[in-house]
Amino acid sequence: MTATHPAHAVDPEHATLAKASSENFPVAPFFLPRDWRTDLMAVYGFARLVDDIGDGDLAPGGADARLLGVPGDRADDRLLMLDAFEADLRRVFDGTPRHPLLRRLQPTVRRRSLTPAPFLGLIAANRQDQVVRRYETYDDLLAYCELSANPVGHLVLAVTGTSTPERIRRSDAICTALQIVEHLQDVAEDLARDRVYLPAEDMKRFHVQESDLAAPSAGASVRALIAYETGRARDLLSEGAPLVGSVRGRLRLLLAGFVAGGRAAVRAIEAADHDVLPGPPKFGKLPLLREVGVTLRGEG
């Protein structure tokens, strides 16, 4: 029987871009120049879709699979989907992509002279998520963040024409910190996906078992472990913060927002006494604005 696709089926392009409003940080805030906003949204569409493929969070109905040329009965094969997505990404650079989000990305790539490397890094991170679900050491986790987080900072700097080796180094520290903070916020959610991003060597050091992470709330050992990893994230944010002072204008405000968001999340974890198991500790607009001010003044 031939499958039918009703007229009210989800538009995969707009459904993915609509998720920008629910992200932890503004993707393309109103105060940026329009051309930057356009290009940052194009980059976001790529990054959001590749994460949705890797997490199995695509909209039901298989529209994305069809666009990528994957048979409907293989749409749940994440590695196959990632392979098809990579093939379509390569068409951005030497042909005509199939997926509308990648067609949207093509003018940005040409206008900003973007290279495949950061996009391929994000795909590689999601491939890794399918086969690597535990990390033995902190260095192993940092290597994962080089694929899963740092390319985003490289793309922001490239889109805004502000890349230098020193800025990239500072950006890497910020992006890795934000990834670690997200992992700390999502310990319970990640465990439900059979993923643990707390280094095994640190869990042993603090006498934490995986079963402890499945509890409704954290015991003393888990709290001590989370406090330790939170301190690492805080130090990385401090290492990266001088990036903000190295740029001017509206980009400075955007980057300050990223650093401030990380710092506000760290403070929220601390305010929850490092108990992240009931869910991500939340912070409001006032603490965020306070951190933006601190970051813009070069304090902290």
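Quick caveat, the model's predicted, so the values are computed rather than measured.

Lay out the packing of helix α4 (residues 78–94) against helix α6 (residues 116–131) with the relevant residues and their values.
Where α4 meets α6, the closest approach of the two axes is 10 Å, and the angle between their N-to-C directions is 175°. Between α4 and α6, the crossing angle belongs to the class labelled roughly antiparallel. Residues R78, L79, L82, D83, F85, E86, L89, R90 and F93 of α4 form the contact with α6, whose participating residues are P116, F119, L120, I123, N126, R127 and Q130. Residues that form the contact of α4 with α6 fall into these classes: 9 nonpolar, 2 polar and 5 charged.

Which residues make up the pattern of salt bridges, and what values go with them?
Pairing between side chains of opposite charge can happen when their charged atoms approach one another. Going through the model one piece at a time under the given rule, you end up with 27 salt bridges. Two residues, E210 and R134, come together in a salt bridge whose shortest N-O distance is 2.6 Å. Within this pair, whereas E210 is found in helix α12 (residues 210–213), its partner R134 is found in the loop between α6 and α7 (138–148), the two being separated by 76 residues in sequence. Through salt bridges with shared partners, a single network forms among D35, D39, R111 and R112.

Hey, could you go over the nonpolar core for me, with residue numbers and the actual values?
Membership of the largest hydrophobic core comes to 78 residues, with the highest contact counts inside it found for F46, F85, L105, F119, L198, L213 and I226. It is helix α2 (residues 34–55) that provides the largest number of residues to this core, a total of 10 residues. Contact partners of L105, with chain neighbours within four places excluded, come to A42, V43, F46, L89 and F119.

Give a description of the confidence of the model for the protein chain that names residues and reports values.
Confidence in the prediction for the protein chain averages 94 pLDDT; 96% of positions are at 70 or higher. When the criterion is pLDDT under 50, residues 1–8 qualifies, and its contacts beyond four places in sequence or with other chains add up to 1 contact.

Account for the environment of E13, naming residues and giving values.
Examined against the element boundaries, E13 turns out to sit in helix α1 (residues 12–17). Along the chain, E13 and F46 lie 33 residues apart, while their C-alpha atoms are 10.0 Å from each other. With residues near it in sequence (within four places) discarded, E13 still touches P100, L101 and R104. There is a polar contact of 2.9 Å between the side chain of E13 and the side chain of R104.

Outline the packing of aromatic side chains, supporting the account with residue identities and numerical values.
The tally for this structure, following the rule as stated, stands at 8 aromatic pairs. A centroid spacing of 5.1 Å and a plane angle of 25° characterise the contact between F46 and F85, whose relative ring orientation is stacked. Linking F46 in helix α2 with F85 in helix α4, this pair joins segments that are 39 residues apart in sequence. Taking relative accessible area as the criterion, F46 reaches 0% and is therefore assigned buried. For the pair F46 and F119, a centre-to-centre distance of 5.0 Å together with 80° between the ring planes defines the contact as edge-to-face. Separated by 73 residues along the polypeptide, F46 in helix α2 and F119 in helix α6 bring together distant segments of the chain.

Tell me about the environment of A42, residues and numbers included.
Considering the arrangement of structural elements, one finds A42 in helix α2. By relative accessible area, which is 1% here, A42 ends up buried. With near-sequence residues (within four places) excluded, A42 lies in contact with R104, L105 and T108.

Could you give an account of the side chain of D202, with specific residues and numbers?
As for its position among the elements, D202 is in helix α11 (residues 200–205). Beyond its immediate chain neighbours, meaning those up to four positions away, D202 contacts L225, Y228, E229 and R232.

So what's going on with the side chain of D88? Which residues, and what values?
The residue D88 is located in helix α4 in this model. At 2.7 Å, the side chain of D88 and the backbone nitrogen of R98 are in polar contact. Setting aside residues up to four positions removed in sequence, D88 forms contacts with L68, P97, R98, H99 and L102.

Account for the state of the cysteines, with residues named and values stated.
Scanning all chains against the criterion turns up 0 disulfides. With no disulfide partner, C145 has as its closest neighbouring cysteine sulfur the one in C175, 9.7 Å distant. Overall, the relative accessible area of 0% leaves C145 in the buried class.

Kindly report on α6, identifying the contributing residues and their values.
With 16 residues, α6 extends 23 Å from end C-alpha to end C-alpha; this agrees with the ideal 22 Å at 1.5 Å per step. Every buried residue belonging to α6 is among P118, F119, G121, L122, I123, A125, N126, D129 and Q130, and all of these are buried. On its buried face, α6 is in contact with α2, α4, α5 (100–112), α7 and α8 (150–159).

Parameters and conventions
Per chain, residue numbering runs from 1 following the sequence as it is written. Selection of residues for local features in this predicted model requires a pLDDT of at least 70, selection of side-chain atom pairs for listing and counting requires 80 or more, and totals for whole chains, interfaces and linings are taken over all residues. Heavy atoms from the whole structure form the basis of all side-chain values; hydrogens and water molecules are not counted. Where helices are involved, their axes are fitted lines through C-alpha atoms of the stretch in contact, as for all axes, and angles between N-to-C directions lie from 0 to 180°. Elements are defined by DSSP. Helices are runs of H or I of four residues or more, strands are runs of E of two residues or more, and each kind is numbered from the N terminus. In this scheme, roughly parallel covers angles under 35 degrees and roughly antiparallel covers those over 145, while 65 to 115 is roughly perpendicular and the rest are oblique. We call two residues in contact whenever any of their non-hydrogen atoms come within 4.5 Å of each other. Here the term charged refers only to Asp, Glu, Lys and Arg, the term nonpolar to Ala, Val, Leu, Ile, Met, Phe, Trp, Tyr, Cys and Pro, and the term polar to all other amino acids, Gly among them. Basic side-chain nitrogens of Lys or Arg form a salt bridge, by our definition, when they fall within 4 Å of a carboxyl oxygen of Asp or Glu. Definition used in this section: a nonpolar core is a set of buried Ala, Val, Leu, Ile, Met, Phe, Trp, Tyr and Cys residues joined via side-chain atoms within 4.5 Å. Type-normalised accessible area, obtained with a 1.4 Å probe on protein chains alone, sets the label of each residue: buried when under 20%, exposed when over 50%, and partly exposed for intermediate values. Residue-level confidence of the predictor is what pLDDT reports, using numbers from 0 through 100. Definition of a polar contact: a pair of N or O atoms within 3.5 Å, with one able to donate and the other able to accept a hydrogen when the atoms are protein atoms, and with sequence-neighbouring residues admitted only if both atoms are side-chain atoms. Any pair of Phe, Tyr and Trp rings, taking the six-membered ring for Trp, is counted once the centres come within 6.5 Å. Such a pair is stacked with planes under 30 degrees apart, edge-to-face with planes over 60 apart, and tilted for the rest. Pairs of cysteine sulfur atoms within 2.5 Å are what we label disulfides. Here the expected span of a helix is defined as 1.5 Å times the quantity of residues minus one.

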